[in-house]
Amino acid sequence: DQQVKQNSPSLSVQEGRISILNCDYTNSMFDYFLWYKKYPAEGPTFLISISSIKDKNEDGRFTVFLNKSAKHLSLHIVPSQPGDSAVYFCAAGGNTDKLIFGTGTRLQVFP
Amino acid sequence: DAMVIQNPRYQVTQFGKPVTLSCSQTLNHNVMYWYQQKSSQAPKLLFHYYDKDFNNEADTPDNFQSRRPNTSFCFLDIRSPGLGDAAMYLCATWLGQGISGYTFGSGTRLTVV
């Protein structure tokens, strides 16, 4: 039972354009969500988070949108840069000390 | 710099030969986690420690054990590695509050031959 789903395994975007990565979840008890970025042969690094009481959080080029009614969140990267090429994991947490991760989306930003 | 360090980065072990992966942290975080990640899959939580309290996931095989002798160190022991245990093993820490999320180590890539 995959509680956090990233249905697009890969995404290819031209440099300078917007990258939109999507994530769906099934458990309405989740009350915060995070995005992690992972380069090959490295551990994931925290990128941005959002609490369930918000619908948007912005940090520089990165914005996360949360639609609780649809149980959907998205990460927008504007403008996309080649250094953004990585695997992006969506994760969700609730009233436990565990995060549930999605399967990841591989983003490739080409010149 | 405060960080989470995993050793070794790459580990090759023989089928059935016990192996230990280590994780240390300088963040003084209360919670330490071990995740297993296979290609194109979500990181799968094996177990975690909240301080000294050990929490095992229901579907973690008995073949996997863990030790946390102190706040800074946590070990993953695989008693009899099988070919299916080849994966990236990620250690992560969390302060125990707030939504800043985990801090991950660089992982240990385990190969079973």
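Preceding block: the structure.
Residue positions are given per chain, counted from 1 along the sequence in the order it is written. Numbering of ligands from 1 and lettering of chains from A proceed in the order in which they are written. Totals for whole chains, interfaces and linings use every residue, but because this is a predicted model, local features are given only for residues with pLDDT of at least 70 and side-chain atom pairs only at 80 or more, for both listing and counting. Side-chain measures were taken over the full set of non-hydrogen atoms in the model, leaving aside hydrogen atoms and water.

Enquirer: Summarise the environment of Y36 of chain A; cite the residues concerned and give the values.
Expert: With respect to the element layout, Y36 of chain A can be found in strand 4 (residues 32–38). Within 3.5 Å is the distance limit for a polar contact, defined as a pair of N or O atoms, with the added protein rule that one can donate a hydrogen and the other accept it, and that residues adjacent in sequence qualify only through two side-chain atoms. At a separation of 2.6 Å, a polar atom in the side chain of Y36 of chain A contacts the main-chain amide nitrogen of Y102 of chain B. Per the convention used, a helix needs a DSSP run of H or I reaching at least four residues, while a strand needs a run of E reaching at least two, with both numbered from the N terminus.

Enquirer: Describe the interface of chain B and chain A, with residues and values.
Expert: For an interface, size is often stated in terms of accessible area lost upon the parts coming together. Residues count as neighbours in contact if any of their non-hydrogen atoms are within 4.5 Å of one another. With 23 residues of chain B at the contact, the number on the chain A side is 20 residues. What counts as buried area is the accessible surface, traced by a 1.4 Å probe, that two parts surrender upon association, with contributions from both included. Taken together, the two surfaces of chain B and chain A that pack against each other cover about 1600 Å², and 61% of this comes from carbon and sulfur. Any Lys or Arg side-chain nitrogen found within 4 Å of a carboxyl oxygen on Asp or Glu counts as a salt bridge. Inspection of the region where chain B meets chain A yields one salt bridge. Where E57 of chain B meets K98 of chain A, a salt bridge forms, and the shortest distance between an N and an O atom there is 3.1 Å.

Enquirer: So what's going on with the environment of D85 of chain B? Residues and values would help.
Expert: All names here are of chain B. Looking at where D85 falls in the secondary structure, it is placed in the loop between strand 8 (73–78) and strand 9 (87–94). Separated by 26 residues in the primary sequence, D85 and T111 place their C-alpha atoms 8.1 Å from one another. Every residue in contact with D85, bar those within four places of it in the chain, is listed here: Q36, N63, F64, I78, S80 and L110. In terms of polar contacts, D85 uses its side chain to reach the side chain of N63, at 3.4 Å.

Enquirer: Explain the state of the cysteines residue by residue, including any values.
Expert: What counts as a disulfide here is a pair of cysteine sulfur atoms lying within 2.5 Å. Tallying each qualifying case throughout the model produces two disulfides over all chains. Across a sulfur-sulfur distance of 2.0 Å, C23 of chain A and C90 of chain A are joined as a disulfide pair. Between C23 of chain A and C90 of chain A the sulfur-sulfur dihedral comes to about -75°; the bridge is accordingly left-handed. Taken together, the residues span a long stretch of sequence, with C23 of chain A in strand 3 (residues 19–25) and C90 of chain A in strand 9 (residues 86–93) at a distance of 67 residues. Each member of the pair, C23 of chain A as well as C90 of chain A, is classed as buried. The residue that forms a disulfide with C23 of chain B is C91 of chain B, at a sulfur-sulfur distance of 1.9 Å. Handedness of the C23 of chain B-C91 of chain B disulfide follows from its S-S torsion of about -70°: it is left-handed. Of the two residues, C23 of chain B sits in strand 3 (residues 19–25) while C91 of chain B sits in strand 9, which places them 68 residues apart along the sequence. Like C23 of chain B, the residue C91 of chain B is buried in the burial classification. The cut-offs for exposure are 20% and 50% of the maximum accessible area for each residue type, with area from a 1.4 Å probe on protein chains only; residues under the lower value are buried, those over the upper are exposed, and the others partly exposed.

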